[in-house]
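Residue strings, one per chain:
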Amino acid sequence: TPRGVLVSYDNEIFVSDMDNKRVQVFSMDGVYLREFPTVVPKTAHVMKPYDITIDGSGALWVLGRDGAAEFVVQYLKDGSILTSDGQSTNKFSLPPNGRARGIGLDRQRQHILVTGGDGSSSVVKVLEHDGSLVREFGKDGVLKHPRDLTVNKDGNILVQDRDPPFVHFYDQSGSLLASFGKAGTDDGQMKHPRNICHDNEGNIIVADWGNRRILMFNSKGEHIRHIGVRDGMGEVHGVAVAPDGKVVVTDWVNNTVTILQNNEGV
């Protein structure tokens, strides 16, 4: 089941293949390159990867679960584990949440951001690379079921919520700046959106799962267009932008990855 997706700086597509407990890697031409199992080092766990992101050094951060145990693990792009003095580094567990989570990176501050709190709480956690808590935000009741997030070029945090309004802007300290998004099927409306990212121009791109399409908004949350709505597209889940602006989408019903032109509006 393809879920999270990212495109590296050297144009490789990394897909979190959840039920197969692995990450698969493809070229931008769709050619299979390699794969690696999402083993949690120094444990007996092989996790189901939910989401995946990449840091400025090119290392991968994978968020996943094995049973009730949840983890974040850093891998090199070939799937090997970073080690120091024979010990695995940059691996930590998360309190069981019971909900779908997303992961993102604040590359300016080298922080990891994870949606979902402990049990029923709806928060975003800001973490160091060893999992220690920097801060958390979202307990003001604004967030209901945060699914994913991204950090834009201004350092603001965009959180994708399952319930409307669907997208919330927070500053670096976790203070709410603005929100947008209405439920529905019309232009700019969403139905159970899943993932969020942004392009080099600051435009916001949302996987509109319930409407089986990708939406693009400008940096203020104003709808620009749909991207690549096609017959046969199933339940779009992960979304990422390649260095050249192409949009890469996972579809966990059809078990496919689709590459779209950013200007492929409908």
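Quick note: structure is the one above.
As a starting point, this report considers the structure included with it. (Residues numbered from 1 in each chain as written. Predicted model: local features only at pLDDT ≥ 70, side-chain atom pairs only at ≥ 80, totals over all residues. Heavy atoms only, no water.)

### Digging into the overall build of the protein chain
Move 1: Helix and strand counts for the protein chain stand at 0 helices and 25 strands.
Move 2: Relative to a compact globule of 266 residues, whose C-alpha radius of gyration would be 18 Å, the protein chain shows 17 Å and is just as compact.
Move 3: Out of the 266 residues in the protein chain, the part that is buried amounts to 54%.
Move 4: Restricting to contacts in the protein chain with at least 6 residues of sequence separation, those with at least 24 account for 40%.
Move 5: Accessible area of the protein chain: about 11,000 Å², with a carbon and sulfur share of 46%.
Move 6: Put simply, the protein chain has 29 plus and 34 minus side-chain charges, and the middle of one group is 4 Å from the middle of the other. (Helix = DSSP H or I, 4+ residues; strand = E, 2+ residues; numbered from the N terminus. Rg over C-alpha atoms; globule rule 2.2 N^0.38 Å. Buried < 20%, exposed > 50% of the residue type's maximum accessible area, 1.4 Å probe, protein only. Contact = heavy atoms within 4.5 Å. Areas by Shrake-Rupley, 256 points an atom, 1.4 Å probe, with all protein chains shown as cover. Lys, Arg positive; Asp, Glu negative; His and termini not counted. Charge placed at Lys NZ, Arg CZ, Asp CG, Glu CD.)

### Some words on the side chain of Asp106
Move 1: Tracing the backbone through its elements, the reader meets Asp106 in strand β11 (residues 103-106).
Move 2: Aside from chain neighbours lying at most four places away, what touches Asp106 is His111, Leu113 and Val151.

### Some remarks on the sheet that holds strand β2 (residues 12-17)
Move 1: Taken together, 4 strands build an open sheet; the order of strands is β1-β2-β3-β4 and the sheet is antiparallel. Since the sheet does not close on itself, it has two edges, and those belong to β1 (2-7) and β4 (32-37), each with one partner. Across this sheet, the average inter-strand angle for adjacent strands is 20°, counted without regard to direction.
Move 2: In this sheet, β2 lies alongside β1 in antiparallel orientation, the contact comprising 4 bridges. The partner of Leu6 across the bridge, within β2, is Phe14. (Pairing = 2+ DSSP bridges. Axes fitted to C-alpha atoms, helices over the stretch in contact; angles between N-to-C directions.)

### Section: the pairing of strand β12 (residues 111-115)
Move 1: Of all 5 residues making up β12, 5 are buried, and the element is well covered by its neighbours.
Move 2: Of the two faces of β12, both are covered, the one formed by His111, Leu113 and Thr115 as well as the one formed by Ile112 and Val114.
Move 3: Sheet topology note: the β11/β12 ladder contains 4 bridges and is antiparallel. Within β12, the residue paired with Leu105 across the bridge is Ile112.

### Section: the side chain of Asn211
Move 1: Take Asn211: it is sitting in the loop between β20 (204-208) and β21 (213-217).
Move 2: Discounting chain neighbours no more than four positions away, the residues touching Asn211 are Gly184, Thr185, Gln189, Met190 and Lys191.

### Side note on the sheet that holds strand β19 (residues 196-198)
Move 1: One open sheet holds the 4 strands; their spatial order is β19-β20-β21-β22, and the pairing between them is antiparallel. Every interior strand has two partners, whereas the edge strands, β19 and β22 (223-227), have only one. Strand-to-strand twist of the sheet, defined as the mean angle between neighbouring strand axes without regard to direction, takes the value 25°.
Move 2: For β19 and β20, the ladder comprises 3 bridges, and the chain directions are antiparallel. Opposite Ile196, over in β20, you have Val206 as the bridge partner.

### Considering the nonpolar core
Move 1: Core analysis: the biggest nonpolar cluster contains 14 residues, and Phe14, Met47, Ile52 and Leu60 have the highest contact counts within it.
Move 2: At the level of elements, β3 (22-27), β5 (48-54), β6 (60-66) and β7 (69-75) are the ones that each hand at least two residues to this core.
Move 3: Considering every element that reaches this core, the biggest residue donor is β7, with 3 residues.
Move 4: Setting aside anything within four residues of it in sequence, one finds Ile52 in contact with Gly4, Val5, Leu6, Phe14, Val23, Leu60, Trp61, Val62 and Ile103.
Move 5: Ranked by size, the runner-up nonpolar core spans 13 residues in total, among them Ile214, Val236, Val241 and Val247. (Core = buried A, V, L, I, M, F, W, Y, C linked by side-chain atoms within 4.5 Å.)

### Describing the packing of aromatic side chains
Move 1: Tallied over the full model, the rule gives 5 aromatic pairs.
Move 2: Their ring planes at 70° and their centres at 6.0 Å tell us that Phe26 and Tyr32 sit as a pair that is edge-to-face.
Move 3: Residue Tyr32 is classed as partly exposed on the basis of its relative accessible area of 42%.
Move 4: Pairing Phe137 with Tyr170 gives two aromatic rings, centres 4.7 Å apart and planes at 45°, and the pair type is tilted. (Phe/Tyr/Trp six-rings, centres within 6.5 Å; stacked < 30°, edge-to-face > 60°.)

### So, the pairing of β22
Move 1: The pairing of β21 with β22 spans 4 bridges and is classified as antiparallel. Residue pairing for β22: Phe217 is matched across the bridge by His223.

### Some points on the pattern of salt bridges
Move 1: One pass over the structure, following the stated rule, counts 14 salt bridges.
Move 2: Of the charged contacts in the structure, one is a salt bridge between Lys77 and Asp10, with a shortest N-O distance of 2.8 Å. Note that Lys77 is positioned in the loop between β7 and β8 (83-84) and Asp10 in the loop between β1 and β2, a separation of 67 residues in sequence.
Move 3: For Asp10, a relative accessible area of 45% translates into the label partly exposed.
Move 4: Here Lys48 makes a salt bridge to Asp19, at a shortest N to O gap of 3.8 Å. Here Lys48 is found in strand β5, whereas its partner Asp19 is found in the loop between β2 and β3, with 29 residues between them in sequence.
Move 5: A network of salt bridges, in which partner residues are shared, links Asp17, Arg22 and Glu35. (Salt bridge = Lys/Arg side-chain N within 4 Å of Asp/Glu carboxyl O.)

In short, the description is geometric, and any link to function would need to be established separately.
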